[in-house]
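# A structural walkthrough
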Amino acid sequence: MPIVKLANSTQFKCLPEQTLLDAARLQGIILEHSCRVGRCGVCKAHVLSGNTVALKPEDYLDVKDQSEGLILTCCRTASTDIQLDIEDLGELGSLQIKTLPCRIDSLQLLSADVIEVTLRTPPNSRLEYLPGQYVDIIGRDGLRRSYSIANAPLDNGKITLQVRKVESGQMSRYWFEEAKANDLLRLEGPLGTFCLRNTAVAHLVFLATGTGIAPVKAMLEQLAVAPERVAGKKMHVYWGGRVESDIYWQPRFENLHVNFTPILSRADSDYSGRAGYVQQALLDDRIPLGDAIVYACGSDKMISSAREKLNAAGLPVKNFYSDAFVSSS
Ligand code: FES
């Protein structure tokens, strides 16, 4: 069975039908990932030696990426022993991915097309996660969708999700038309590797569009209970929506100061705030990107544009972390 070696000398075995990402996970080793279906690019890795075979289309990679030996670990398996240039994420490896029953605790509209869903799990099987991670909710007929957790862990174990209405979406119809308190669902998680990193920089920047604010809210709540973690650092949140009612939350914490900038793309003519794209607003504010870390969550269009523009403007490549919402189709 092929052996996969990582840059920090962690290694694991990979069966021919397993993706590298899954093989690692099943052996308690977590690699950087988000969508798990080849469409966000978060799991990109260089193959330094050995051969791999694609099990799924690597939609995110372009010809240049492929010619440089880049692969997506969520799409490929190893056909020989291989060496990759990536490291595993130690802290996340200790969190077990579980499938748990859960019930709807409450539902609350946050805006015309976003509903907050609060879920509770059985008291003896709580979900352990890091703020920024997501879960898959498994509904009727096995329908499965991914949602970021919108709160830092609570003593009562409840988690909240922010769900956007999707025209003709099967799961969306459930949430907005049929769901009620006490409905029984299942969740699988925690998933994804979007979480706060210990990087010594002066500026923490969060970029979000739409319900991409959910994991940002969870990470800020985590920092609000341990503000010493960001002592002396400046925090900035840029949140993009279409109209004013899309900005249904504000980062207000007693012990954490956050520069908050809502950005609207379809504001009324009398709106006096900022308009345009979140990534452009960040560039316009001239925050020293060489001394910053950026956490971006939202549409894949925003993520790829932000990554390109911010890296070109001096943000170190390794200081851009993202969680792209990819459609379920
Ligand atoms: S492309 Fe592999 S996790 Fe998204």
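Our subject is the structure listed above.
The text that follows walks through the structure, step by step, so that each part is easy to find.

Conventions used here
Residues numbered from 1 in each chain as written. Predicted model: local features only at pLDDT ≥ 70, side-chain atom pairs only at ≥ 80, totals over all residues. Helix = DSSP H or I, 4+ residues; strand = E, 2+ residues; numbered from the N terminus. Rg over C-alpha atoms; globule rule 2.2 N^0.38 Å. Contact = placed C-beta atoms within 7 Å. Buried ≥ 20, exposed ≤ 12 C-beta atoms within 10 Å, placed from the backbone. Expected span 1.5 Å × (residues − 1). Pairing = 2+ DSSP bridges. Axes fitted to C-alpha atoms, helices over the stretch in contact; angles between N-to-C directions.

## A look at the overall build of the protein
Secondary structure assignment for the protein yields 7 helices and 19 strands. Computed over its C-alpha atoms, the radius of gyration of the protein comes to 20 Å, within 12% of the 20 Å expected for a compact globule of 329 residues. Taking the intrachain contacts of the protein between residues at least 6 apart in sequence as the baseline, contacts between residues at least 24 apart amount to 68%.

## Comments concerning unusual backbone geometry
Cis geometry is adopted by the peptide bond preceding Pro190, which originates at Gly189 and carries an omega value of 0°. Relative to the helices and strands, Pro190 is located in strand β13 (residues 184–191). The phi dihedral of Arg36 is positive, around 65°, even though this residue is not glycine. Residue placement: Arg36 occurs in the loop between α1 (20–26) and β3 (44–49). For Arg36, a count of 23 C-beta atoms within 10 Å gives the class buried. You will see that Ser168, though not glycine, has its phi angle at about 65°, which is positive. Looking at where Ser168 falls in the secondary structure, it is placed in the loop between β12 (159–164) and α4 (170–178). Overall, the presence of 6 C-beta atoms within 10 Å leaves Ser168 in the exposed class.

## Quick word on helix α5 (residues 213–224)
Note that an α-helix has 3.6 residues per turn; residues three or four places apart therefore point the same way. When the terminal C-alpha atoms of α5 are compared, their 16 Å separation across 12 residues agrees well with the 16 Å that a helix rising 1.5 Å per residue should span. Burial analysis of α5 places 9 of its 12 residues in the buried class, which makes it a mostly covered element. Buried within α5 we find Ile213, Ala214, Pro215, Val216, Lys217, Ala218, Met219, Leu220 and Leu223. Contacts from the buried residues of α5 go to β11 (144–148), β12, β14 (203–209), β15 (234–241), β18 (292–299) and β19 (320–325).

## Digging into the environment of Thr99
Checked against the element boundaries, Thr99 lands in strand β8 (residues 98–111). For the pair formed by Thr99 and Ser172, sequence separation is 73 residues and the distance between their alpha carbons is 21 Å. Excluding residues within four positions of it along the chain, Thr99 makes contact with Arg186 and Glu188.

## Structural notes on the sheet that holds strand β7 (residues 82–84)
With mixed pairing, 5 strands are arranged side by side in an open sheet as β2-β1-β7-β3-β5. Two strands in the sheet have a free side with no partner beyond their single neighbour: β2 (11–13) and β5 (70–72). Here the strands of the sheet are splayed against their neighbours by 35° on average, with no regard to which way each runs. As paired strands, β3 and β5 are joined by 3 bridges and run antiparallel to one another. Residue pairing across strands places Ala45 opposite Ile71, the latter belonging to β5.

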